[in-house]
Amino acid sequence: MNPVKVGICGLGTVGKGTFDVLTRNCAEIAARAGCSIEVSHIGARRGSDIEGITISTDIFAVAEDPAVDIVVELIGGTTVAKDLVLKAVANGKHVVTANKALIAEHGNELFAAAAKQGVSIAFEAAVAGGIPIIKAIREGLAGNRIEWLAGIINGTGNFILTEMRDKGRDFHDVLQEAQELGYAEADPTFDVEGIDAAHKLVILASLAFGIPLQFDKAYTEGITKISRDDVEYAEQLGYRIKHLGVARQTDSGVELRVHPTMIPEKRLIANVDGVMNAVLVQGDAVGPTLYYGAGAGAEPTASAVVADIVDVARTLSAEPGHRVPYLAFQPDALSNTPIVDINDIETAYYLRMSAQDKPGVLSSVAQILSNAGISVEAITQKEPAEGQDHVPMIILTSRSIENKLVSAITDIEALDSIAGEVTRIRVESLG
Ligand SMILES: NC(=O)c1ccc[n+]([C@@H]2O[C@H](COP(=O)([O-])OP(=O)(O)OC[C@H]3O[C@@H](n4cnc5c(N)ncnc54)[C@H](O)[C@@H]3O)[C@@H](O)[C@H]2O)c1
Ligand SMILES: N[C@@H](CCO)C(=O)O
Ligand code: NA
């Protein structure tokens, strides 16, 4: 077979990593793909001379290049990137992308356009970096009814939480290091406010449950409100705080939520630290499965991009109808299962409040929870600091429906003996 020609658009962290891996491992990659794979065109803001490669400052020139078989979109964002992918598809080119924002927000439209043209769009690098989680769910678990999945799917956020816990480092200082290491998004609020994790969760939920991509329905909460005190109290109770994406099939629909979560410390996933990601997937036949690896960084992400390039190169000799469907289920078999509103989900909770150090406060709080049908599983009250009349009070509750807990919190905050807001972290046993 003739060499497959690749055009890379965007030569940043992932673009450079992809170029390096394709070049370094070219012999092994060719042996796997059944043909050699050559980078023939690069679209980048600054041109530099690489022998045998056309360099264009206009990335659309890559999508227009008749010699290019596969356009690799690594510029990020959802505007120019969307136009670029649509242009490449219209020109009959296959696309590989690491762009989760683009897939989560515009994937339904992009896949439809690709299907019309008989080309494919591959996006393994978009979720959990180098972990082949898309392939695992779409192919490896195809025989299962997937019940739920939960994952640490933002490397930057996990790196920040880990460094804060282990070294007592400052949030902003660690975020800056994550940016220097090439982990963070162009706009790092995507990482710390949970938007990036929500993009990835939406993609995983579609693959797992056979529903269209619905980014607007995901509940998103970031890690910016997690204090060092919460991290410490959680540990004293035998838990770790992790920023999790959770997707669960329930009788009333699919839960789709991203938020800080307390997990029992004995769970493997509670011990996934630094930039590492992990995704737990529970299938009815296989039981629990766990996938672990680097969630961000140049070469780990390139590993997934190159795997997709190899997959596409292999399909170039296969019938289009034999290709694996984008969202694991055939396009006409996607279901309209509703996404459950966050107010209707059920979970246990960690509550931290600042309580007046006097008798009766604990029983007033317990009474409010009990009236809402929520029981107290554990409680700890700290010693007051010198000269302070308020003490931190930590409560672990039974599982409850979110809206009952939210109204109980409103009543607790209204007590004269409680100062300020109640901090609330959801607790998942993941068992
Ligand atoms: N960095 C990671 O660890 C990682 C992991 C998985 C997925 N991703 C995704 O990969 C994509 C790229 O991320 P990155 O970290 O490499 O970003 P980056 O900012 O390092 O690289 C993007 C590159 O694209 C170039 N670019 C942007 N618009 C362009 C245009 N119109 N014309 C020419 N060049 C243009 C920029 O100059 C930059 O060099 C994003 O979608 C990101 O979400 C990144
Ligand atoms: N900013 C992302 C890159 C990988 O998708 C992260 O930190 O996980
Ligand atoms: Na991946």
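Residues numbered from 1 in each chain as written. Chains lettered and ligands numbered in written order. Predicted model: local features only at pLDDT ≥ 70, side-chain atom pairs only at ≥ 80, totals over all residues.

### Some points on the overall build of the protein chain
Reasoning step 1: Looking only at helices and strands, the protein chain has 14 helices and 17 strands in total.
Reasoning step 2: A compact globule built from 431 residues should have a C-alpha radius of gyration of about 22 Å, and the protein chain, at 24 Å, falls within 12% of that.
Reasoning step 3: Along the first, second and third principal axes, the C-alpha atoms of the protein chain reach 80 × 45 × 35 Å.
Reasoning step 4: The buried share among the 431 residues of the protein chain stands at 48%.
Reasoning step 5: By sequence separation, contacts in the protein chain at least 24 residues apart represent 74% of the contacts at least 6 residues apart. (Helix = DSSP H or I, 4+ residues; strand = E, 2+ residues; numbered from the N terminus. Rg over C-alpha atoms; globule rule 2.2 N^0.38 Å. Buried ≥ 20, exposed ≤ 12 C-beta atoms within 10 Å, placed from the backbone. Contact = placed C-beta atoms within 7 Å.)

### Thoughts on the packing of helix H6 (residues 133–140) against helix H10 (residues 195–209)
Geometry of a packed helix pair, given as the angle between the helix axes and the separation of the axes.
Reasoning step 1: Close contact between H6 and H10 brings their axes to 9 Å; oriented N to C, the two are set at 15°. One way to sum up the angle between H6 and H10 is to call them roughly parallel. Both H6 and H10 take part in a crossing whose hand is left-handed. Each of Ile 134, Ile 137 and Arg 138 in H6 lies in contact with H10, whose residues at this interface are Leu 204, Leu 207 and Ala 208. (Axes fitted to C-alpha atoms, helices over the stretch in contact; angles between N-to-C directions. Parallel < 35°, antiparallel > 145°, perpendicular 65-115°, else oblique. Left-handed = near helix turned anticlockwise from the far one by under 90°.)

### Side note on the site of ligand 1
Reasoning step 1: Near ligand 1 there are 26 residues, and of these Gly 10, Gly 12, Gly 76, Ala 98 and Ala 296 occur at the shortest range.
Reasoning step 2: Top element by residues in the shell around ligand 1 is helix H1 (residues 13–24). It accounts for three residues.
Reasoning step 3: Residues belonging to the shell around ligand 1 are distributed by class as follows: twelve nonpolar, eleven polar and three charged.
Reasoning step 4: When residues of the shell around ligand 1 are assigned to domains, at least three map to each of domain 1 (4–130 + 299–333) and domain 2 (135–294). (Near = placed C-beta within 6 Å. Nonpolar A, V, L, I, M, F, W, Y, C, P; charged D, E, K, R; others polar. Domains from an automatic or database assignment.)

### Topic: the pairing of strand S7 (residues 146–152)
Reasoning step 1: With six of its seven residues buried, S7 lies for the most part within the structure.
Reasoning step 2: Relative to strand S11 (residues 276–283), S7 runs antiparallel, the two being bridged by six bridges. Across the sheet, Gly 151 pairs through a bridge with Val 279, a residue of S11.
Reasoning step 3: Pairing of S7 with strand S9 (residues 239–250) involves four bridges; the strand directions are antiparallel. Residue pairing in the sheet places Gly 151 in a bridge with Gly 245 of S9. (Pairing = 2+ DSSP bridges.)

### Focus on the domain arrangement of the protein chain
Reasoning step 1: By domain assignment, the protein chain separates into domain 1 (4–130 + 299–333), domain 2 (135–294) and domain 3 (346–427).
Reasoning step 2: For domain 2 versus domain 3, the distance between C-alpha centres works out to 26 Å.
Reasoning step 3: Between domain 2 and domain 3, the residue contacts involve eleven residues of the former and ten residues of the latter.
Reasoning step 4: Residue assignment for the side of domain 2 that touches domain 3 shows that the elements contributing at least two residues are helix H11 (228–236), S9 and strand S10 (253–264).
Reasoning step 5: When its residues are assigned to classes, the side of domain 2 that touches domain 3 shows seven nonpolar, two polar and two charged.

### Observations regarding the UniProt feature "binding site: NADP(+)" (unreviewed entry) in the protein chain
Reasoning step 1: Using the residue numbers shown here, the UniProt feature "binding site: NADP(+)" (unreviewed entry) corresponds to Cys 9, Gly 10, Leu 11, Gly 12, Thr 13, Val 14, Gly 15 and Lys 16.
Reasoning step 2: With sequence-adjacent residues up to four places away left out, Cys 9 is seen in contact with Gly 43, Ile 59, Val 62, Val 71, Val 72, Glu 73, Leu 74, Ile 75 and Leu 84.
Reasoning step 3: Each residue touching Gly 15, except ones within four places of it in the same chain, is listed here: Ile 8, Gly 10 and Leu 74. (UniProt positions renumbered as here; feature names shortened; annotations may be inferred.)

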